[in-house]
Amino acid sequence: MHLQAYLPFCELNLAFPGHREVTRYRRELDLRRAVATVSYEADGCDYTREIFCSRPSGCLVIRLSCGERGSIAVDASLSSVHPDASVQSDGSRAIRLTGRTRTRKGPRNWSGSWEGPGLRFEGRLTAFCEGGSCAAGDGVLRIAEASAVTLVFSGATSFLNYRDIGGDPSELNNRYMARVSERPYRELLDEHVEDHKALYERVSIRLGGGRGGRANWRQAASDGSARTRHSGDVGPVARRVIFSVRPVFAHCVFQTGRSAFQLARHME
């Protein structure tokens with residue numbers, strides 16, 4: 001089996017001067033909101049970092065906050081494993097990474113080898129600070145004495161289709177950034193959560209219910225009640241049996257999200 005080649009884009013690096021020793025370190029993933037959170041205490045201050053990928057905006061959003069005003073200092077940078085990549089300042093509060101993939105040698109099959117220059121790519125990191133100062137220089141965003149910071153990363157390539165890689169990644173990033181520019185963090189977060197809930201809260205499963213509940217599952221599975229899903233008469237027990245007798249299907253529905261119904265047609 002041969003798969004298309006996937007290449008790393010870049011790395012987003014955050015350095016926090018003075019945060020050598022921390023306590024009460026905690027990491028959390030909220031599946032209902034699709035938000036990852038890191039919190040800890042350093043030098044007597046409580047720091048929080050929230051991260052999510054927003055489909056509506058097409059950007060990665062990182063929120064840095066602290067219990068003490070003016071206590072956030074961070075150096076943010078971008079790096080890439082691609083030799084031709086470079087990072088430049090893009091105004092006073094943004095940096096931009098650009099590059100192009102090189103020739104990929106390999107067998108001529110679906111593993112994705114190619115000759116000549118490959119995809120052009122661009123990553124853009126922009127800081128929206130509440131208080132403090134922000135300066136871009138030498139490929140680094142240096143933020144000091146801020147009360148809160150929202151970092152927004154957008155990435156794009158020149159891929160248009162399998163025959164054409166002549167797109168403009170810079171133009172795409174301009175569109176992405178236009179969707180988030182000057183918008184409050186809370187508005188971006190609420191928009192992301194509402195979009196995620198439309199997928200995540202479509203279906204829920206309650207496991208358990210006592211010995212009687214387990215008996216009903218077994219009985220429904222043994223007498224063919226699960227077939228009622230084809231007739232349109234799908235009761236509560238039958239719905240549970242679908243998850244019971246076809247766990248792979250249930251897993252794929254959650255994993256594929258917006259394309260779940262296309263998958264379902266092929267699995268019947």
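Relevant structure appears above.
Along each chain, the written sequence defines residue order, and numbers are assigned to residues from 1. Selection of residues for local features in this predicted model requires a pLDDT of at least 70, selection of side-chain atom pairs for listing and counting requires 80 or more, and totals for whole chains, interfaces and linings are taken over all residues. Side-chain descriptors were evaluated using all non-hydrogen atoms of the structure, hydrogens and water having been removed beforehand.

Colleague: Looking at this structure, how should I read the overall build of the protein?
Modeller: Of the regular secondary structure elements, the protein holds seven helices and 12 strands. Burial classification: accessible surface area is computed with a 1.4 Å probe over protein chains only, and a residue below 20% of its type maximum counts as buried, one above 50% as exposed, and the rest as partly exposed. When each of the 268 residues of the protein is scored for burial, the buried share is 31%. Residue contacts follow a heavy-atom distance rule, with two residues in contact if any of their heavy atoms lie within 4.5 Å. The contacts of the protein with a sequence gap of at least 6 include a subset with a gap of at least 24, amounting to 56%. Note on areas: these come from Shrake-Rupley sampling with a 1.4 Å probe, and a residue is covered only by the protein chains present in the view. Carbon together with sulfur atoms contributes 50% to the accessible area of the protein, which is approximately 16700 Å² in total. Here a helix means four or more residues in a row that DSSP labels H or I, a strand means two or more in a row labelled E, and each is numbered from the N terminus.

Colleague: Hey, could you run me through the sheet that holds strand S6 (residues 72–79) in this one?
Modeller: Each strand in a sheet pairs with its neighbour through backbone hydrogen bonds, running either in the same direction (parallel) or in the opposite one (antiparallel). As summarised here, the arrangement of the four strands in space is S1-S6-S11-S10, forming an open sheet in which the pairing is antiparallel. At either end of the open sheet lies a strand with only one pairing partner, and these are strand S1 (11–15) and strand S10 (133–137). In this sheet, neighbouring strand axes are inclined to one another by 15° on average, regardless of whether the strands run parallel or antiparallel. The sheet contact formed by S10 and strand S11 (residues 140–146) spans five bridges and is antiparallel. From the neighbouring strand, Ala135 faces S11, where its bridge partner is Arg142. Two strands pair under a simple rule: DSSP has to find at least two bridges between them. Angles shown run from 0 to 180 degrees and are taken between the N-to-C directions of axes, each axis being a line fitted to C-alpha atoms and, for helices, limited to the stretch in contact.

Colleague: Just checking my understanding: could you explain helix H1 (residues 169–180) for this structure?
Modeller: Helical geometry note: an α-helix holds 3.6 residues per turn, so side chains three or four residues apart project in the same direction. Taking 1.5 Å per residue, 12 residues should reach 16 Å; H1 reaches 17 Å between its end C-alpha atoms and fits that length. Along H1, the positions that sit buried rather than exposed are Pro169, Asn173, Tyr176, Met177 and Val180. Seen end-on, H1 carries its buried residues on one side only, within an arc spanning 95°. Those residues of H1 hidden inside the fold are in contact with strand S5 (59–66), strand S9 (120–130), strand S12 (148–157) and helix H2 (185–200). Where H1 begins, the capping side chain belongs to Asp168, and its oxygen is found 3.0 Å from the backbone nitrogen of Ser170. Count one or two residues on from H1 and you reach Glu182, which has phi positive near 65°. By this rule, a helix spans an expected 1.5 Å times one less than how many residues it contains. Summarising the geometry, the arc corresponds to the directions from the helix axis toward the C-beta atoms. Residues adjacent in sequence count toward polar contacts only when both atoms are side-chain atoms; beyond that, a polar contact is any pair of N or O atoms within 3.5 Å, and within protein one must be able to donate a hydrogen and the other to accept it.

Colleague: When you look at the pairing of S6 in this model, what are you seeing that I'm missing?
Modeller: Regular strands show a simple pattern: their side chains alternate between the two faces of the sheet. Where S1 meets S6, five bridges bridge the pair, whose relative direction is antiparallel. The partner of Glu11 across the bridge, within S6, is Ser79. The sheet contact formed by S6 and S11 spans five bridges and is antiparallel. In the strand pairing of S11, Val74 is matched with Ile143.

Colleague: How should I be thinking about the sheet that holds strand S8 (residues 94–100) in this particular structure?
Modeller: One open sheet holds the eight strands; their spatial order is S2-S3-S4-S5-S12-S9-S8-S7, and the pairing between them is antiparallel. The open sheet has two edge strands, strand S2 (23–30) and strand S7 (86–89), and neither has a second partner. Sheet twist, expressed as the average angle between the axes of neighbouring strands with direction ignored, equals 15°. As paired elements, S8 and S9 share seven bridges and run antiparallel to each other. Along S9, the bridge assignment pairs Arg96 with Arg124.

Distances and angles like these do not, on their own, reveal function.
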